[in-house]
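Residues per chain, in single letters:
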Amino acid sequence: MAAPSSFNDYVNNHTAAFIDRLKIAVSYKSVSGDSELRPIVIETGRWLGTQLESLGVTVKLHDLGKQKDTDLQLPYLVLGSIGADTSKKTVLVYGHYDVMPATGWRGSSDPFTLDVEGDEMYGRGSTDDKGPVMGWLNVLEAHKNLELSLPVNIRFLFEGMEEAGSPGLDKFIGDEVQKGATGFFHGVDCVCITDNYWLTTRRPVLTYGVRGIAYFTMDITGAKDDMHSGLYGRMIHEPMTDMVKLLSKLVETTGVITVPGVEDQVPPPTDEEREYYRLVDYRLSDLRNDTGGRQVELSEEPADLLMGRMRFPSLSIHGIRGTFDTNDGLKTIIPANISARFSLRLVEPLTPDNVIPLVTEFLYAEFAKLNSKNQIKVNYEGGGLPWVGDRSHWNYQAADAATKVVWGNSLYPNYVREGGSIPVTLTFSEQLGKNVLLLPMGQSDDGAHSTLEKLNVSNYIKGTIVFGEYLYQVANAQT
C-alpha cells in the first residue's frame, strides 16, 4: 500500500507554505545550552504543541522540573498522540526542537531568520532538527486537509534539550515503560528517529547504528594569577606546557587512540565487513567536499575512511580554554588556570563505564611522570552508549521501500552506521524492546552545528513525502 497520489501532490503544491512553517520554527531562538534563552526554548515547546493540536494531535506538555543544580526550568517534552485503532501499527516518532548556539554565523542574514537562496535554506536548526520536525507536521496537515485517515497510529516525542544532554529524558522513558498499559509508549510497534543526515549529497541512507560518546574535561592549575612570561618564564611550572604534553599522549596523528586498553577491546573487521564498507556509495571526493577541498584525509581508500567514521572508536581534542578566549592582542602571559575538552566516540564493546578509568588513570599517571608542581583534575562530563540495530527488520524494509518510491530505484538507500552519537536510540531500543530506525532528511553538506547550517528545499519537500510514504509502508509491512 503506497501513499495516495493526492498526498504527494498536496506536499508538492504547498512548498511555499511549508517553507513558511519552517521559517516560523527557525525564528525561535531555542538554544538549549544558553540559560538566558531558556524561556524561548520553553515557548518553542508551547508553540510546537499548539501546532500539533491544530492538526488533530492530542498533546501533553510534560514538565521535567528544574535542571540539576540550578533554578532553570527544563523545557517540556512535547508528547503527541494521534490514532488509537488497535488494528493498525503504532509508530513512535522522535525529534527535537532545541538548537545549538549560532556564534560566528557566516550567513547573509540573522541565523534565526531562514534565508532561502534557490534550493538552499540557511538558518540555525534548519536541518538539525526543525526541518525534520516540521516535515512531520506537513504530513499531518496534508492528511487532515485531504481528509485522509493516517495508515498508522503515531506517538510523537519532541524534546527541547537534545543539544544539552537530554536531562530527564531517559528517566521519563523508563518511568513510562514501567506504567505498562497506562504509559505513553504502550502499544508502540517501532521507533523512527529523524535527527541525522545522508552520508553524501547524492544518495539517501538508512542508519542502523550510532557511536557512543564519553566527554572529558582536564583542568590544570598553576600560580595564583596569570604571570608575565618575560619575568617568570623558565622560573615556574607552566600549566599550558603540561597540558600540551598530556594531550599529545591521548591520540596519534593517524587517529589511533593511545590510551592503553581502549583500541585493544575492539575486534578487527572481518573480510565480510570490509567488503560491505567497500560497496557503500562513498568517494574520496565526498570527504574533500565536506572539508572545503582541503586534502586532509587519513586515507585515500573510501572503505578505510568509512570504518574510521563508523566501525572504529575515535578521540578528538576540542580545545583549550585559557589565555586566548578573546582576540585582544598578542598576549605574553603564562595562564594560571587552563581547561581542555576532549571526547571519545565509542563502538561496541566500549562503554563510558569501561573507558572512564582507562582515561583518567592514564592521564594522572602521565602527569606524575612530568614531575610538575601544578595541580591536575580530570572530569568525566557525560556520554552515551553505542548502538547497533537490526537492519533486516520490517521497520527498515518499510523505510527502504519508501525511499525508493520517492527518490527512485536507482537511488536505493545505503545502510550506514552514524559516526555521531544519539544516546536516545539505545534507550528506546532497550526500554521499549522495539526496533529503532534512523530516517534522515538532510544531506551530508548541511553543516549541522556549523556557522552556516542549511537544508535543501528539495530534501525538505521530498523528505516530507518520504515520511508520509514510510507510514504507508509500515502499515503494509509483514510482521
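Procedures and definitions
- Residues numbered from 1 in each chain as written.
- Predicted model: local features only at pLDDT ≥ 70, side-chain atom pairs only at ≥ 80, totals over all residues.
- Heavy atoms only, no water.
- Pairing = 2+ DSSP bridges.
- Helix = DSSP H or I, 4+ residues; strand = E, 2+ residues; numbered from the N terminus.
- Axes fitted to C-alpha atoms, helices over the stretch in contact; angles between N-to-C directions.
- Contact = heavy atoms within 4.5 Å.
- Phe/Tyr/Trp six-rings, centres within 6.5 Å; stacked < 30°, edge-to-face > 60°.
- Buried < 20%, exposed > 50% of the residue type's maximum accessible area, 1.4 Å probe, protein only.
- Parallel < 35°, antiparallel > 145°, perpendicular 65-115°, else oblique.
- Left-handed = near helix turned anticlockwise from the far one by under 90°.
- Nonpolar A, V, L, I, M, F, W, Y, C, P; charged D, E, K, R; others polar.
- Patch = residues over 30% accessible without salt bridge, like charges linked within 9 Å, V, L, I, M, F, W, Y side chains within 5 Å.
- Areas by Shrake-Rupley, 256 points an atom, 1.4 Å probe, with all protein chains shown as cover.
- Salt bridge = Lys/Arg side-chain N within 4 Å of Asp/Glu carboxyl O.
- Core = buried A, V, L, I, M, F, W, Y, C linked by side-chain atoms within 4.5 Å.

Participant: Teacher, can you tell me more about the sheet that holds strand 9 (residues 212-221) here?
Facilitator: Reading across the sheet, the 4 strands line up as 11-13-9-14 and stay open at both edges, with antiparallel pairing between neighbours. The sheet is open, and its two borders are formed by strand 11 (314-321) and strand 14 (375-384), each paired with just one other strand. Recorded for the sheet is a direction-independent mean angle of 20 degrees between the axes of neighbouring strands. Strands in contact with helix 7 (residues 239-247) are strand 9, strand 11, strand 13 (337-346) and strand 14; relative to strand 9, the strand with the most contacts, it is inclined by about 150 degrees. Each of strand 9, strand 13 and strand 14 touches helix 11 (residues 352-369); the most contacted strand, strand 14, lies at about 165 degrees to it.

Participant: Please clarify how the packing of aromatic side chains should be interpreted in this entry.
Facilitator: Within a pair of aromatic rings, the relevant descriptors are the distance that separates the centres and the angle that separates the planes. Enumeration according to the criterion identifies 14 aromatic pairs in this entry. A ring pair is formed by Tyr10 and Phe18, whose centres lie 6.4 Å apart and whose planes are at 45 degrees; its orientation type is tilted. On the basis of relative accessibility, which here comes to 10%, the residue Tyr10 falls in the buried class. According to the relative accessible area criterion, Phe18 is buried, its value standing at 0%. Considering the side-chain rings of Tyr276 and Tyr277, the 5.4 Å spacing of their centres and the 70 degrees angle between planes classify their relative orientation as edge-to-face.

Participant: What exactly am I supposed to notice about the packing of helix 2 (residues 15-27) against helix 4 (residues 126-145) here?
Facilitator: Each pair of packed helices can be summarised by the angle the axes make with each other and by the distance between the axes. Direction vectors running N to C along helix 2 and helix 4 enclose 135 degrees, while the axes themselves pass 10 Å from each other. Between helix 2 and helix 4, the crossing angle belongs to the class labelled oblique. When you trace helix 2 past helix 4, the crossing you get is right-handed. Residues Phe18, Arg21, Leu22, Ala25 and Val26 of helix 2 form the contact with helix 4, whose own contacting residues are Ser126, Lys130, Gly131, Met134, Leu137, Asn138 and Glu141. When the residues that make up the contact of helix 2 with helix 4 are grouped by side-chain class, the tally is 6 nonpolar, 3 polar and 3 charged.

Participant: Explain the sheet that holds strand 18 (residues 454-456) here, please?
Facilitator: Strand pairing within a sheet occurs via backbone hydrogen bonds; the two strands may be parallel or antiparallel. Taking strand neighbours across the sheet as the criterion, the 3 strands line up as 4-5-18 in an open arrangement whose pairing is antiparallel. Looking along the sheet, the strands with just one partner apiece sit at the ends: strand 4 (115-117) and strand 18. Averaged over neighbouring strand pairs, the angle between their axes works out to 25 degrees when direction is ignored. In this structure, strand 5 (residues 120-122) lies alongside strand 18, joined through 3 bridges in antiparallel fashion. Among the inter-strand pairings, Tyr122 is bridged to a residue of strand 18, identified as Lys454. On the sheet, helix 4 packs against strand 5 and strand 18 and is oriented at approximately 45 degrees with respect to strand 18. Strand contacts of helix 14 (residues 457-476): strand 4, strand 5 and strand 18, with the helix running at about 65 degrees to strand 18, the strand carrying the most contacts.

Participant: What am I meant to see in a nonpolar patch on the surface here?
Facilitator: Residues Leu231, Tyr232, Met235 and Ile236 make up a contiguous nonpolar surface patch of about 390 Å² in total accessible area. With respect to the helices and strands, the residue Ile236 is situated in the loop between helix 6 (229-232) and helix 7. Accessibility expressed as a relative area gives 30% for Ile236, which makes it partly exposed.

Participant: I keep staring at the nonpolar core and nothing clicks. Help me out?
Facilitator: Residues Phe428 and Tyr470 are the most contacted members of the largest nonpolar core, which totals 88 residues. In terms of residue count, helix 14 provides more of this core than any other element does, 10 residues in total. The contact partners of Tyr470, leaving out residues within four places of it in the chain, are Val91, Trp136, Cys190, Val191, Cys192, Asn395, Ala398, Ala399, Ala402, Leu437 and Leu439. Grouped together as the second largest cluster of nonpolar side chains are 29 residues, Leu250, Leu344, Leu350 and Ile356 included.

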